[in-house]
Amino acid sequence: MNHPLIQMRSITKNFPGVLALDQVDFTLKPGEIHALMGENGAGKSTLIKVLTGAEEFETGQILLGENPEPIINTSPEQAQQRGISTVYQEVNLCPNLSVAENLFVGRQPKRLSMIHWAEMNRRSRAIMDRIGVDIDVEKPLEVYSLAVQQMVAIGRAIDISEDVLILDEPTSSLNESEVATLFDLMRKLRDEGMGIIFITHFLEQVYEVCDKITVLRNGGLVGEYLIETMPRKDLVAAMLGRSFDDLAAIEGESHAVKEEGMPVISARSVGVRGGVKPFDFNVFEGEVVGLAGLLGSGRTEVARAIYGADNPNSGTLEVKGKRVRHNPLSSMRAGMGFCPESRKHEGCVQDLSVRENIILAEQTKRGVFRLMSASEQEKIAKQYVDLLQIKTASLDTPISQLSGGNQQKVILARWLATHPDFLILDEPTRGIDVGTKAEIQRLCVELAGQGMSILFISSEIDEMLRTCSRIGIMRDLHKVGEASGDQLSSSTIMSMIAGGESDE
């Protein structure tokens, strides 16, 4: 079978004020893993939505298999009927239902007009066996880890369609061993002849598992490349539209340890019952301090305890030498800001505009009796849209219409607008493109140079090595050490995370 599974030709799609896709071509062949790459706002998600019927398009053609006639999917369900299934970054299943019910929801096998439970459970076990996951399919989905839930979503998708599988950021919440399991499955499906579209922002994953790359930029097609003919540096340049040495330029600017004078933040024996164990932590003026550790190690819990989002049951917190209460409003008024890990659930207010999202924290800080005027809101929002180069049609555009990277910038703008002395950034670059990552990293270094103190949490050690002067190490909800100076290397930090260094 040599004919393409999918041919998209000259696809054009407009949103109000934005040309989302401009004459884009894309081809997927059987037995290949094809990466779709580009910065946030490049058009990746829009192209997938057009393909799967979640969005309409104005011009162009979509051809499937050997069919010479153009088709238009009017819904994701119709796309599934035509052999195209999608698994999204956020698992869209029902946690209270069993694994089997999730696998067959809407298409349960029937006997005498009743659900044939024994047959559904048997077929569910066969699906999970095929993808190499040994679980009890009769248990509720919610008892299993996010990684297992992701595999269940993939199992459902490939049982619906044997032709095309679209994986949209499937690895963003998985650890290394879970990613390896997923990649083994992807290779197995590829060898069986399936075509896989893989959307990710992790370059190393692209080079580990993919055969081809299609790059989009600003809604246009840059090109299609074989993986072995596209060096990483050239890929980044293609995505950004310019030569790219920005990450290297960041390195070295932030590695001066600034442990002098009174700490801006001083946590002493702060712990949360049932959560992070008592820890000590200092952050000094003009310092970017990182927190490293595996998922679940306690990085986010430390941030939430310092900010007061979780109420500690032990220890004290001082801001510039003064004790503060452990609650978010007190922390905000003491000059702290907190960009949470989940921009969708804890960051963005989806129904509000870009302007309203940006001024939200400053208005909360002032209180209901000091309402900001419309002109002041406009002035502040425009200042930070320009500073962070947020791509939006207008300040009144709903934040839900922005790309993930631009949403992240809006949340950062929200806290910068409060002029914090201490800013907590929990996974500020997760799920965003290389160029925006570099911008956020550079901004952190620049803000530190202006005297701001920053706590920077990231799953990417290389990112923290470029940005931080010190890195605290978390393991099993304990802070087990710190690295600075000559210890700031991937090997040292990984050893400490794994338990290769003595605890504090």
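Look up a bit, the structure's there.
Reference entry: report on the structure contained in this document.

Our focus in this paragraph is the pattern of salt bridges. In total, this model carries 23 salt bridges according to the counting rule given. Across the pair Arg122 and Glu119 runs a salt bridge, and its minimum N-O distance is 2.7 Å. You can see Arg122 and its partner Glu119 sitting in helix 4 (residues 117-130), 3 residues apart, about one turn around the helix. The partner of Glu287 in a salt bridge is Arg470, with the nearest N and O atoms 2.9 Å apart. With Glu287 in the loop between strand 13 (279-283) and strand 14 (288-292) and Arg470 in strand 20 (residues 470-475), this pair connects stretches of sequence that are 183 residues apart. One exposure class covers both Glu287 and Arg470, and it is buried. Bridged by salt links that share partners, the residues Arg130, Glu162, Lys188 and Glu192 form one connected network.

Before going further, it helps to examine the sheet that holds strand 13. Read across the sheet, 4 strands follow the order 13-12-15-16 without closing on themselves; strand pairing throughout is antiparallel. Since the sheet does not close on itself, it has two edges, and those belong to strand 13 and strand 16 (322-323), each with one partner. Relative to strand 15 (residues 314-319), strand 12 (residues 265-271) runs antiparallel, the two being bridged by 5 bridges. Bridge pairing in strand 15 links Ala267 to Leu317. Strand contacts of helix 10 (residues 299-307): strand 12, strand 13 and strand 15, with the helix running at about 75 degrees to strand 13, the strand carrying the most contacts.

The next subject is unusual backbone geometry. Positive phi is not limited to glycine here, since Ser10 has a value of about 55 degrees. Within the secondary structure, Ser10 is located in strand 1 (residues 6-15). The exposure class of Ser10 is partly exposed, given its relative accessible area of 29%.

Bridge analysis of strand 20 against strand 21 (residues 478-484) gives 6 bridges, and the strand direction is antiparallel. From the neighbouring strand, Gly472 faces strand 21, where its bridge partner is Glu482. Hairpin geometry of strand 20 and strand 21 is characterised by an intervening segment of 2 residues between the two adjacent antiparallel strands and by a positive phi of about 50 degrees at Asp476.

Basis of the calculations
- The residue count restarts for each chain, going from 1 along the sequence in the order it is written.
- At least 70 in pLDDT is required for a residue's local features to be given in this predicted model, at least 80 for side-chain atom pairs to be given and counted, and no such filter applies to totals for whole chains, interfaces and linings, which use all residues.
- Based on all heavy atoms of the structure, the side-chain values leave hydrogens and waters out of the count.
- We define a salt bridge as a contact between a side-chain nitrogen of Lys or Arg and a carboxyl oxygen of Asp or Glu at a distance within 4 Å.
- Secondary structure counts use DSSP, requiring at least four H or I residues in a row for a helix and at least two E residues in a row for a strand, with both numbered from the N terminus.
- Partly exposed describes any residue whose relative accessible area lies between the buried limit of under 20% and the exposed limit of over 50%, with all areas from a 1.4 Å probe on protein chains only and scaled to the type maximum.
- Strand pairing is assigned whenever DSSP detects at least two bridges linking the two strands.
- Two residues qualify as a contact provided that any one of their heavy atoms is within 4.5 Å of a heavy atom in the partner residue.
- All axes are obtained by fitting lines to C-alpha atoms, using only the stretch in contact for helices, and the reported angles, taken between N-to-C directions, cover 0 to 180 degrees.

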